[in-house]
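One letter stands for each residue in the lines below.
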Amino acid sequence: MRTYRLGVLDGDGIGPEITRATVDVVTAALGRGGGARVAWAPLPMGCQAIRQHGAAMPEGTRRELARCDGWLMGPHDSASYPPEHRRERNPSGELRHHFDLFANVRPARNYPGVDSLARGVDLVIVRENTEGFYPDRNMHAGAGEFMPTPDVALSVAVFTRRAAERIAHAACRLAMGRRRRVSIVHKANVLTLGMGLFRDTCRAVAREYPEVRVDDYHVDAMAAHLVRRAAEFDVLVAENMHGDILSDLAGELTGSLGLAPSLNAGEDRAMAQAAHGSAPDIAGQGVANPVGLLLSAVMLLRWLGERHGDSAIQSVGDGVEEAVLRTLAAGVRTRDLGGDAGTAAFAQAVIAQL
Ligand code: ATP
């Protein structure tokens, strides 16, 4: 039986509170039997790491992560870092780039007992994570933005066939285990070369999956379709910035920002990361909603199960997800959802449901 080594990066703001809650719940689920084993590796990242190691993402943390099968990534408040650290790539961008975590998988669905603007939604946005319109991470060296004069700024977007191919495969494989529909999001009517390459490559890859129904939408039209009929979509595949924007929209349509999970997956490692930020306004109060990170951990456990053909670790993920959903259905809620449970009390309620 394999022991998975999983990093824990608390990060900033509410990070320590939600990572604690997540580690407690997963540890309790592992303790329920089934044989899956995890060794947790706490590693510094964020403000605390700047103070202790002189970098938000210390070299030692990266080195240790290379020895891990995956990790829980807390949020970071990069805007609050001293100016010399703000110039660097932010910690999660750095890890996505360094470990080539090319697929950012962001589900959006309704949760039992949680009010939402859209009903019946169960979709996943598969966002290309390494290039596109994110110039801090789409270059080998340097950033793809420059100012020839104080009044002119140029930002370079990068689209490659290889990146479009692998994200399209990830989307199609995911769709095969779901409702077998992939919608390609782009703006190829304006960015005819870059987004045209993205759309056409996704279409070509999708032909290798004849059971998957494929369509494509301009990103602006997709924003309107999501508001009007999100329930009809299954898997959306999008370049970096479009995927980022649409997943916030989809997350908000289906509930609270505190609920939305995500996984950043590469070929051999994956990083669980809640979709929300470090919420400095409520940090340290013990009121943060841990569900986003908890469900991200579920995605990580399932990813490990699939990658290593290990049903035991997959069942731990299934058990945690069921317990979270039962807890919400039972009316236990944190403050962002109108309840009064604190972070630790919510985690205990989930543990009681395992
Ligand atoms: P970033 O730029 O890092 O995404 P942000 O300031 O844009 O950060 P968040 O940090 O996600 O956004 O916070 C947005 C709002 O949502 C804040 O009012 C915050 O308190 C709330 N919020 C975010 N995450 C949670 C959570 N897990 N539980 C409760 N409230 C949350």
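Everything numeric in this text was worked out from a predicted model, so none of it was measured.

Digging into unusual backbone geometry
A positive phi angle, near 50°, is found at Asp-100, a position not held by glycine. With a phi close to 60°, Arg-180 is a non-glycine residue in the positive phi region. Residue position: Arg-180 is located in the loop between α6 (161–176) and β8 (181–186).

So, helix α12 (residues 343–353)
Helical geometry: 3.6 residues make up each α-helical turn, so side chains three or four residues apart lie on a common side. Looking at α12, one finds that the buried residues are Thr-343, Phe-346, Ala-347, Ala-349, Val-350 and Ile-351. Its buried side turned inward, α12 meets α1 (15–30), α10 (291–308) and α11 (311–329).

Let's talk about the sheet that holds β8
Here we have 10 strands laid out as an open sheet, ordered β2-β1-β3-β12-β11-β4-β5-β10-β8-β9, and mixed in their pairing. Each of the sheet's edge strands pairs with one partner strand only, and the pair in question is β2 (37–42) and β9 (213–218). Pairs of neighbouring strands in the sheet enclose a mean axial angle of 25°, with direction left out of account. Across 6 bridges, the pairing between β8 and β9 is parallel. Looking across to β9, one finds that Ser-183 is bridged to Asp-215. Against the sheet, helix α5 (residues 91–98) makes contact with β1 (3–9), β3 (70–73), β4 (103–109), β5 (122–128), β11 (263–265) and β12 (270–273), and its axis sits at roughly 160° relative to β12, the strand it touches most.

Concerning the nonpolar core
Nonpolar side chains in soluble globular proteins generally cluster together in the buried interior. Ranked by size, the top nonpolar core spans 68 residues in total, and within it Phe-198, Val-237, Leu-263, Leu-300, Ile-313 and Val-324 carry the most contacts. Element by element, the count of residues in this core is highest for α10, at 10 residues. The residue makeup of this core includes at least three contributed by each of domain 1 (1–101 + 267–354) and domain 2 (116–254). Ignoring sequence-local partners within four residues, the contact set of Leu-263 consists of Ala-103, Asn-104, Val-105, Ala-270, Met-271, Ala-272, Ser-296, Met-299, Leu-300 and Trp-303. Counting residues in hydrophobic clusters, the runner-up holds 17 residues, among them Val-219, Leu-246, Ala-250 and Leu-253.

Points about the packing of α1 against α10
Their axes nearest at 9 Å, the elements α1 and α10 cross at an angle of 50°. Of the possible angle classes, the one that applies to α1 and α10 is oblique. Regarding α1 and α10, the two cross each other, and that crossing is right-handed. Facing α1, whose interface residues are Ile-18, Thr-19, Thr-22, Val-25 and Val-26, α10 presents Leu-293, Leu-294, Ala-297 and Leu-301.

Overview of the domain arrangement of the protein chain
On domain assignment, one finds that the protein chain holds domain 1 (1–101 + 267–354) and domain 2 (116–254). When each unit is reduced to the centre of its C-alpha atoms, the spacing between domain 1 and domain 2 is 25 Å. Every contact between the two is made by 7 residues of domain 1 and, on the other side, 8 residues of domain 2. Carbon and sulfur atoms make up 30% of the area that domain 1 and domain 2 hide from each other, which totals about 720 Å². In terms of surface lost to domain 2, no three residues of domain 1 exceed Arg-89, Arg-96 and Asp-100, which account for 57% of the buried area on that side. Along the contact surface separating domain 1 from domain 2 lie 1 salt bridge. Between Arg-166 and Asp-100 there is a salt bridge, and its shortest N-O distance comes to 2.8 Å. At the junction of domain 1 with domain 2, the criterion picks out 2 residue pairs in polar contact (both at pLDDT 80 or more). A per-class count over the side of domain 1 that touches domain 2 returns 1 nonpolar, 3 polar and 3 charged.

What counts and how
Residues numbered from 1 in each chain as written. Predicted model: local features only at pLDDT ≥ 70, side-chain atom pairs only at ≥ 80, totals over all residues. Heavy atoms only, no water. Helix = DSSP H or I, 4+ residues; strand = E, 2+ residues; numbered from the N terminus. Buried < 20%, exposed > 50% of the residue type's maximum accessible area, 1.4 Å probe, protein only. Contact = heavy atoms within 4.5 Å. Pairing = 2+ DSSP bridges. Axes fitted to C-alpha atoms, helices over the stretch in contact; angles between N-to-C directions. Core = buried A, V, L, I, M, F, W, Y, C linked by side-chain atoms within 4.5 Å. Domains from an automatic or database assignment. Parallel < 35°, antiparallel > 145°, perpendicular 65-115°, else oblique. Left-handed = near helix turned anticlockwise from the far one by under 90°. Buried area = accessible area lost by both parts, 1.4 Å probe. Salt bridge = Lys/Arg side-chain N within 4 Å of Asp/Glu carboxyl O. Polar contact = N/O pair within 3.5 Å; in protein donor to acceptor, adjacent residues only side chain to side chain. Nonpolar A, V, L, I, M, F, W, Y, C, P; charged D, E, K, R; others polar.

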